[in-house]
Amino acid sequence: MSAKLIDGKKVAEITMKLISDDVENWVKAGNRRPFLKVVQVGTDPASTSYIKAKTRSCKRVGIDTDTTHLPDTVSARELKSIIRSFNEDENIDGILVQLPLPSHLSSHDVIESIDHRKDVDGFHPMNVGRLTVDQPTFKSCTPAGIFELFRHYSIPVKSKHAVVVGASNIVGSPMAIMLSRENAEGKATTTICHKYTKDLTRHTIAADILIVAAGQPSLIKAEMVKEGVVVIDVGINRVADESSDKGYKLVGDCDFEGLKNKASWITPVPGGVGPMTVAMLMKNTLLAAKKSIYPDD
Ligand code: BQF
């Protein structure tokens, strides 16, 4: 089989156009433009490039944004006090603290200090909890983006065996929850694998849908999957590449060349899940501005 390409860049552009129309209607109706506050602690180059991508997308859909830069020596007290001031600022709709944080800061504490009504990343325990029980919530952007891809390409989820490799709070865990819920998008039989899984292939070989978010280049090879599998590669790994002017290239967690002859559908890296993640952030920010998830009173 030769896999069809899941073009996340294209679907993200379509999605962003729809969001941009919604934003213009919201503004035309007399509302302030949605505003996203980004907080960057330190100067990690990957974080800087992600923030750049998010800022560019905000511009494209008409969302105002601004990044507060803090030194990597900032204390937890100072950071949380700054977040508190953003929570109280009526002109801020969404707050995003770019991860990862320096190791002296607890991302759990920092995330929990964000007002859950402004948590457009969907990482606050209130939003994760609501996701788990099918209440309206800010959904974690990467899983939400993957479901948009399933919808766009009419890839069925119901009654499939979905295998998620990687159990992070950001991707693997919410993805597995969403796949396994008995709601309109879910109903998959779901397996979660992680670094403690013995004999990973025993699980991946059974997958109808394989979601890989492990952060390890070439983890998944052709012999580990069955013919016709849908492969969603969430990995974004920088590997040295002298032929590129940046000195590196981005690769996923899957051996794309090997898998493309066996899968029915596959996401590329870059241009697969990544652009959808950013598009879903735009969607969540608009939902926050409209108070669609958490109405006032
Ligand atoms: C693409 C992220 C790991 C750790 C922290 C487009 C993004 C990436 C790739 C992007 C990611 C990954 C983001 C592409 C945001 C996704 O064309 O393939 C966009 O900006 N992402 C992040 O903010 O923090 C991360 C991955």
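In what follows, the accompanying structure is described. (Residues numbered from 1 in each chain as written. Predicted model: local features only at pLDDT ≥ 70, side-chain atom pairs only at ≥ 80, totals over all residues. Heavy atoms only, no water.)

Here we look at the packing of helix H2 (residues 45-61) against helix H10 (residues 273-289)
To be explicit about the condition: Each axis is a line fitted through C-alpha atoms, taken for helices only over the stretch in contact, and angles between the N-to-C directions span 0 to 180 degrees. Numbering of helices and strands starts at the N terminus; helices are DSSP runs of H or I of at least 4 residues and strands are runs of E of at least 2. The labels follow the angle: roughly parallel below 35 degrees, roughly antiparallel above 145, roughly perpendicular from 65 to 115, and oblique for the rest. For a crossing to be left-handed, the near helix must be turned anticlockwise from the far one by less than a right angle; the clockwise case is right-handed. Note on contacts: a residue pair qualifies if any of its non-hydrogen atoms lie within 4.5 Å across the two residues. Note on residue classes: Ala, Val, Leu, Ile, Met, Phe, Trp, Tyr, Cys and Pro are nonpolar, Asp, Glu, Lys and Arg are charged, and everything else, Gly too, is polar.
For the pair H2 and H10, the least separation of the axes is 10 Å and the interaxial angle reads 55°. Our classification of the angle between H2 and H10 gives oblique. Crossing handedness for the pair H2 and H10: right-handed. Note on element contacts: H10 touches H2 through Val278, Leu281 and Met282, opposite Ala53, Lys54, Ser57, Cys58 and Val61. Taken together, the residues of the contact of H2 with H10 break down into 6 nonpolar, 1 polar and 1 charged.

Topic: the nonpolar core
For clarity, the threshold we go by: Buried Ala, Val, Leu, Ile, Met, Phe, Trp, Tyr and Cys residues that are joined via side-chain atoms within 4.5 Å together make up what is termed a nonpolar core. Here the term buried applies to any residue with accessible area under 20% of the maximum for its type, exposed to any over 50%, and partly exposed to those in between, with areas from a 1.4 Å probe on protein chains only.
Residues Phe150, Leu179, Ile211, Ile232 and Met282 are the most contacted members of the largest nonpolar core, which totals 52 residues. The greatest single-element share of this core, amounting to 9 residues, is contributed by H10. Non-local contacts of Leu179, meaning those with residues more than four positions away in its chain, are made with Phe147, Phe150, Val157, Ala162, Val164, Gly186, Lys187, Ala188, Thr190 and Ile211. Listed in part, the 18 residues of the second largest apolar core include Val163, Val212, Val229 and Leu259.

Some points on the state of the cysteines
We apply this condition: Two cysteine sulfurs form what is called a disulfide whenever their separation falls within 2.5 Å.
Scanning all chains against the criterion turns up 0 disulfides. In this model Cys193 remains outside any disulfide bridge; the closest cysteine sulfur is found in Cys254, 13 Å from its own. Cys193 sits in the buried class, given a relative accessible area of 1%.

Considering the sheet that holds strand S4 (residues 94-97)
Rule in force here: Paired strands, as defined in this entry, are two strands with at least two bridges between them according to DSSP.
Strands sit in the order S3-S2-S4 across an open sheet of 3 strands; the sheet is parallel. In this open sheet, the two edge strands, each paired with only one partner strand, are strand S3 (64-70) and S4. Averaged over all pairs of adjacent strands, the angle between strand axes in this sheet comes to 20°, irrespective of strand direction. With 7 bridges joining them, strand S2 (residues 35-41) and S3 adopt parallel strand pairing. Along S3, the bridge assignment pairs Val41 with Leu70.

So, the pattern of salt bridges
Here is the rule: We define a salt bridge as a contact between a side-chain nitrogen of Lys or Arg and a carboxyl oxygen of Asp or Glu at a distance within 4 Å.
Per the stated rule, a full pass over the model turns up 11 salt bridges. With a shortest N-O distance of 2.8 Å, Asp115 and Arg117 are connected by a salt bridge. Taking the relative accessible area as the measure of exposure, Asp115 reaches 14% and is therefore buried.

Looking at the packing of aromatic side chains
Worth spelling out the cut-off: Put simply, two rings from Phe, Tyr or Trp (the six-membered ring, in Trp's case) pair if the centres are within 6.5 Å, and we call them stacked under 30 degrees between planes, edge-to-face over 60, tilted for the rest.
Within the structure shown, the criterion is met by 3 aromatic pairs. Judged by centre distance (6.1 Å) and plane angle (50°), the ring pair of Phe138 and Tyr294 falls under tilted. In this pair, Phe138 sits in the loop between helix H5 (125-132) and helix H6 (141-152) while Tyr294 sits in the segment after H10, placing the two residues 156 residues apart along the sequence.

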